[in-house]
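Each chain is listed here by its residues.
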Protein chains: 2
Amino acid sequence: MAPPSAIDVEAVTDTTGVTIPDPLSAPIKSNDIFGRRRKADKSQWVIAAPADTVNFRHRSYDHKPKAKRWDHIITHEAQTRKGNSLKKAAKYLGKPGLITLGGGIPSSEFFPFEELSIKVPRVGHFSEAETRESGVVITAGKHDLAEDKSIFDISTAFNYGQGAGSAQLLRYVTEHTELVHNPAYQDWRCTLSIGSTSALDMALRMLSRPGDMIISEEYTFSAAVETAIPLGVRMAGIPMDAQGLLPDAMDQILSTWDVQTKGARKPHLLYTVPTGQNPTGATQSHSRRRAIYAVCQKHDIYIIEDEPYYFLQMQPYTGPNAPDVPPPASHAEFLQSLVPSYLSMDVDGRVMRLDSFSKVLAPGSRIGWVTASQQLIEMYKKHADVSTQCPAGTSQLIVWKLLDEFWGHSGYLDWLIHIRLSYTQRRDAILAACERYLPREVVSWQPPMAGMFHWMKIDFRKHPQYPERSIEEIEESIFLSVIEHGALVMRGSWFYADAQDAHDTLFFRATYAAAPKEKIDEAIHRFSVAVREEFSVNGGAVRNGH
Amino acid sequence: MAPPSAIDVEAVTDTTGVTIPDPLSAPIKSNDIFGRRRKADKSQWVIAAPADTVNFRHRSYDHKPKAKRWDHIITHEAQTRKGNSLKKAAKYLGKPGLITLGGGIPSSEFFPFEELSIKVPRVGHFSEAETRESGVVITAGKHDLAEDKSIFDISTAFNYGQGAGSAQLLRYVTEHTELVHNPAYQDWRCTLSIGSTSALDMALRMLSRPGDMIISEEYTFSAAVETAIPLGVRMAGIPMDAQGLLPDAMDQILSTWDVQTKGARKPHLLYTVPTGQNPTGATQSHSRRRAIYAVCQKHDIYIIEDEPYYFLQMQPYTGPNAPDVPPPASHAEFLQSLVPSYLSMDVDGRVMRLDSFSKVLAPGSRIGWVTASQQLIEMYKKHADVSTQCPAGTSQLIVWKLLDEFWGHSGYLDWLIHIRLSYTQRRDAILAACERYLPREVVSWQPPMAGMFHWMKIDFRKHPQYPERSIEEIEESIFLSVIEHGALVMRGSWFYADAQDAHDTLFFRATYAAAPKEKIDEAIHRFSVAVREEFSVNGGAVRNGH
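Residues numbered from 1 in each chain as written. Chains lettered and ligands numbered in written order. Predicted model: local features only at pLDDT ≥ 70, side-chain atom pairs only at ≥ 80, totals over all residues. Heavy atoms only, no water.

A few words now on the overall build of chain A. Across its full length, chain A carries 15 helices and 19 strands. Its C-alpha atoms give chain A a radius of gyration of 25 Å, near enough to 24 Å, the size a compact globule of 546 residues would have. Its C-alpha atoms put chain A at 85 × 65 × 55 Å along the principal axes. Taken over 546 residues, chain A has a buried fraction of 64%. Here the contacts in chain A between residues at least 6 apart in sequence split such that 74% fall between residues at least 24 apart. (Helix = DSSP H or I, 4+ residues; strand = E, 2+ residues; numbered from the N terminus. Rg over C-alpha atoms; globule rule 2.2 N^0.38 Å. Buried < 20%, exposed > 50% of the residue type's maximum accessible area, 1.4 Å probe, protein only. Contact = heavy atoms within 4.5 Å.)

This is the structure we're talking about:
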């Protein structure tokens, strides 16, 4: 991989109109962000110390607008949360010499863990084989903090924490968020989550009431629908194209919203997965996002931006026979290749962005983070204090040791480039198989630009049993036939935002994330045989040597 | 520590009246429970495999009654949860040779973790110093499962999981629960939680409606109150004595419940911390639990048994000058010394027991488990699937490697005995300090039998400014004076179950869990000076050499 070069972040203009150097505009070399870190108060590294994002930001945001207030959509439940009352006592802990018999936290003397080590890849040597060969073992001791060996250790991480998570990891994700998104308003904050599924559940409890409808893509993440339904909240699906949500359709639906026929007040929330959407794989372009954001401003819609696949944006697809596009030559080029987030254009503070380590490090970390205005992050933290608490300290320590202490921001960007190139290969493999085997007269698709999913449209009108059988019946018949031939793909109808709505499309979702390339090829071949049988279409390439 | 001897579990009588040998009645030696484990289907160890407690139980429960159904108290929200619809596809995964492009789970190829190691104590050498000297490093590899080196590894644990958690760790906690509690009905099940704070939040969403009141101790865990209030649920505090909840008072309150004056329907839930209750330190005796259970049966109350401190039951308190009671001579003696749980006497399946590793391993594990009837556990799992998911895989792997693969059940019981003896020393230290310094004419207390808390009653009537100043004002004055003298203890009023109720008691809570013995002594001394000043009481021992 090419050595990283300068990140070309634009200079910042302060409130007096004078251009000041941007603190993030220098090259990011491995760990050298440390040298420019804001001086940190040591007291924030200790057990269950409160942490505030604002201490971790590098740029000045004084010249940017303040976030709007969202009191008019915040639920009674969220407004009633006062936070942990015992934290009233915390303000006295700073008194010199004070001995506390206050908080009921166990002594680390009783944690049966003396050391924790992980073997991880060196920067630039990221593959499994390279890691086995040249990986480095990094170790956290029990009392590294007290012994001045590190700012995070077992005795701290394995004890109780605050709803926001540890200051150590919160600082890292705040800096990362600033580096990647450079939010457009003043009072943005981050807090750790235990993953975006939980974050969505908590967001809905903060921002929606039973009986509400929420705007979303017409095909959407089924777990999001299943999180919402028990809360009495339904999804109102908006038509999509290859770039996802259609802003005009959204504007039209909101402008003509009829409370009687819809059975719900006019929506005030948009749930969207803008990049590599699940299940469609659609990625909203920059201009599409601007148009959607404008519709949200027009109708005062608050946006939940669920972005697990943001760093699964891939190299441009060049087709089976054209040469690959060269990888990003620098961190700056890499960051500039990413489609801008809603967070980056959010002048109103109307976006709650959900990030996650699940797709870029490991789902079992159960660590994500939420970025939104101070008002909403404060509510989220209070909620976490009395429900999920913070991510497991075991996980926080492991992720922090790797990302902050070992790789640094620079090494992590290199890792993300590695992921990008690897997913590009996988995506190219599934597209090559589709081009080789699938009958074009029945199946059509767009090359996904991001994410884990390939979304294949079936022309159900060509099915011999259409229209005697319904779309769902034809879908089921194909689905079972594919299984009969030894492959499993997901039925599009499982992703309906609103199962009550009439649908006149038929899709299947296939992931290229899990199986190795050989298996992907074989599975798509089996899928093609099943589809050809179902539609009585002959032909298709034979698998070589299988 | 004495070598463990046989666990003397009573023989089991089957439905025909014939006595059959109890599979858990043999001695538990290190790991030898493995030899008697039920044969496990290998397919349950793989990524996101579903697990069912029923496969992990040793005893037969056929002769025991079935749990009652709780449909009449289950919320609409909980009844509406259908579980993850994509799991519909899981049933096809068993088909031989099937290639799945179904689930959107990342390949472990992209987890930058090759090995995870922890240095942990050998059984019987549990102190921090011993662990540093003689601790053992145990290691999980990335592909140990595929390579037949272990049944759990990084590639499995660090991927997505089911709401119930991994089968590996679920088996361990199920066996542990059976060993310790031997539940009294047929269809009990366990599921992992991400900690009991979250479990309570989820239980309340399953079992209570806005406007409800819940029975609890009159002084209770403040975070429980703070979890309930935003859900529109208030606590109805029941008077307590040194053994906690008073069954007659509870019966009286329920028997005379007036919907109009209370502003809530008659309660159907009891939230209780039966052992080492927070904040009072009270432990309900066996007979007290039987009496409370009978009241719950009479009024059809469902019980949430929150038991983080169950294994912080200590040796009997013998006073400052008497010799210590000898430690348990065997695992059997240890288990028999524990006060029986509600779960162990629950013939109706009306108990949801919340267990946690927070106080006996580390809070940062963020792992607990829930035991209840199948009906409630199924609901809990479905809820977890669309909110908290499962505990972090990092944590599950670490805890499983230690408890199951290294210590085994036997070694873990030894660890719990170690914790018991260590907390006994700490408890004795705070009581010795109290006896040495505190003015008996103003402060009174009961030696705690379990938990982390010492609860000191102040005779506010003796305060020079009583009755001109209210109880809360006197409490605040003492609190601030104690801080002035350099110690921090918690105000009893912060633990009111219902802050609206009138209270005529004044308490302070001090924990002996966190500070070292020397500091505890000094803090209680400072507390005593403050109290003596506030009450104009002279005397009290002088600290030696400080």
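Quick look at the relation of the copies chain A and chain B now. By a simple turn and slide, chain A fits onto chain B: the slide is 0.0 Å along the axis, the RMSD is 0.0 Å, and the turn is 180°. What the superposition gives is, in effect, a two-fold axis relating one chain to the other. Measuring from the rotation axis to each C-alpha of chain A, the shortest distance belongs to Ser117(A), at 2.5 Å. In this assembly, 100% of the residues forming the interface of chain A have copies in chain B that are likewise at the interface, indicating an isologous arrangement. (Least-squares fit on C-alpha atoms with pLDDT ≥ 70 in both.)

Moving on, we get to the sheet that holds strand β16 (residues 453-458) of chain B. All names here are of chain B. Strand order in the open sheet formed by four strands is β15-β16-β19-β18, and the pairing between neighbours is antiparallel. Taken across any chain shown, the strands that pair with only one partner, and hence form the sheet edges, are β15 (443-444) and β18 (490-491). Where β15 lies against β16, two bridges are found, and the strand directions are antiparallel. Bridge pairing links Val443 to Ile458 in β16. (Pairing = 2+ DSSP bridges.)

This brings us to the packing of helix α5 (residues 196-207) of chain A against helix α12 (residues 374-385) of chain A. Residue and element names in this part refer to chain A. Running from N to C, α5 and α12 point in directions that differ by 110°, and their axes come no closer than 11 Å. Judged by the inter-axis angle, α5 sits roughly perpendicular to α12. α5 and α12 meet at a crossing whose hand is right-handed. Facing α5, whose interface residues are Ser198, Ala199, Met202, Arg205, Met206 and Leu207, α12 presents Leu376, Met379, Tyr380, His383 and Ala384. (Axes fitted to C-alpha atoms, helices over the stretch in contact; angles between N-to-C directions. Parallel < 35°, antiparallel > 145°, perpendicular 65-115°, else oblique. Left-handed = near helix turned anticlockwise from the far one by under 90°.)

Residues and elements named next belong to chain B. Here helix α5 (residues 196-207) spans 16 Å end to end across twelve residues, near enough to the 16 Å set by a 1.5 Å rise per residue. Counting buried positions along α5 yields twelve of twelve residues, so the element is predominantly enclosed. For α5, the complete set of buried residues consists of Ser196, Thr197, Ser198, Ala199, Leu200, Asp201, Met202, Ala203, Leu204, Arg205, Met206 and Leu207. (Expected span 1.5 Å × (residues − 1).)

Okay, the environment of Pro96(A) next. Residues and elements named next belong to chain A. Position of Pro96 among the secondary structure elements: in the loop between α1 (76-80) and β3 (99-100). What makes Pro96 exposed here is its relative accessible area of 75%. The sequence separation of Pro96 and Leu169 amounts to 73 residues, and the corresponding C-alpha distance is 27 Å.

Before going further, it helps to examine the interface of chain A and chain B. Every contact between the two is made by 112 residues of chain A and, on the other side, 112 residues of chain B. With both sides pooled, the region where chain A packs onto chain B buries about 9,300 Å², and carbon together with sulfur makes up 64% of that total. Of all residues in chain A, the largest losses of buried area upon contact with chain B belong to Ile99(A), Leu101(A) and Phe110(A), amounting jointly to 9% of the total for that side. Where chain A meets chain B, there are six salt bridges. (Buried area = accessible area lost by both parts, 1.4 Å probe. Salt bridge = Lys/Arg side-chain N within 4 Å of Asp/Glu carboxyl O.)

The subject of this paragraph is the packing of aromatic side chains. Applying the stated criterion across every chain, the model contains 45 aromatic pairs over all chains. When the ring of Phe460(B) is compared with that of Tyr466(B), the centres are 5.2 Å apart and the planes differ by 70°; the resulting orientation is edge-to-face. In this structure an aromatic cluster arises from ring pairing among Tyr219(A), Trp455(A), Phe495(A), Tyr496(A) and Phe507(A). Sitting over the ring of Trp257(B), Lys262(B) keeps its end group 4.9 Å from the ring centre. (Phe/Tyr/Trp six-rings, centres within 6.5 Å; stacked < 30°, edge-to-face > 60°. Lys NZ or Arg CZ within 6 Å of the ring centre and 35° of its normal.)

Below, the discussion takes up the pairing of strand β4 (residues 115-120) of chain A. All names here are of chain A. β4 sits mainly inside the fold: five of its six residues count as buried. Pairing analysis gives six bridges linking β4 to strand β5 (residues 136-141), with the strands arranged antiparallel. Bridging from a neighbouring strand, Val120 pairs with Val136 of β5.

You can see Met490(B) is positioned in strand β18. Through-space distance from the C-alpha of Met490(B) to that of Ser365(B) is 26 Å; in sequence the pair is 125 residues apart. Those residues in contact with Met490(B), other than ones at most four positions away along the chain, are Leu86(A), Ala89(A), Gly102(A), Gly103(A), Phe495(B), Phe507(B), Phe508(B) and Arg509(B).

All names here are of chain B. Reading across the sheet, the seven strands line up as β6-β14-β13-β12-β11-β7-β8 and stay open at both edges, with mixed pairing between neighbours. Only two strands of the sheet have a single neighbouring strand rather than two, namely β6 (188-193) and β8 (234-238). Between one strand axis and the next, the sheet turns by 25° as a mean value, whatever way the strands run. As defined by bridge partners, strand β7 (residues 213-217) adjoins β8 across five bridges and the pair is classed as parallel. Among the inter-strand pairings, Ser216 is bridged to a residue of β8, identified as Gly237. Set on the sheet, helix α9 (residues 286-298) makes contact with β11 (269-272), β12 (302-306) and β13 (351-356); between it and β12 the angle comes to about 145°. Packed on one face of the sheet, helix α12 (residues 374-385) meets β6, β12, β13 and β14 (368-373) and runs near 140° to β14.

Residues given the UniProt feature "domain: Aminotransferase class I/classII large" (unreviewed entry) here are residues 147-527 of chain A. Along residues 147-527 of chain A, the helical share is 41% and the strand share 15%, with 59 Å between the first and last C-alpha atoms. (UniProt positions renumbered as here; feature names shortened; annotations may be inferred.)

For the rest of this paragraph, the subject is the packing of helix α13 (residues 393-437) of chain A against helix α13 (residues 393-437) of chain B. It is at 7 Å that the axes of α13(A) and α13(B) come closest, and there the two elements cross at 110°. The orientation of α13(A) relative to α13(B) falls into the category roughly perpendicular. On the side of α13(A), the interface is formed by Thr394(A), Ser395(A) and Ile398(A), while α13(B) contributes Thr394(B), Ser395(B) and Ile398(B). Looking at side-chain class alone, the contact of α13(A) with α13(B) contains two nonpolar, four polar and no charged residues. (Nonpolar A, V, L, I, M, F, W, Y, C, P; charged D, E, K, R; others polar.)

Below, the discussion takes up helix α14 (residues 471-484) of chain B. Residues and elements named next belong to chain B. Taking 1.5 Å of rise per residue, 14 residues should cover 20 Å, and α14 covers 20 Å from first to last C-alpha, within 8% of that figure. Where α14 is concerned, the buried positions are Ile471, Ile474, Glu475, Ser477, Ile478, Phe479, Ser481, Val482 and Ile483. The inward-facing, buried residues of α14 abut β16, β17 (487-488), β18, β19 (507-511) and α15 (517-535). Positive backbone phi, approximately 95°, marks Gly486, located one or two places after α14.

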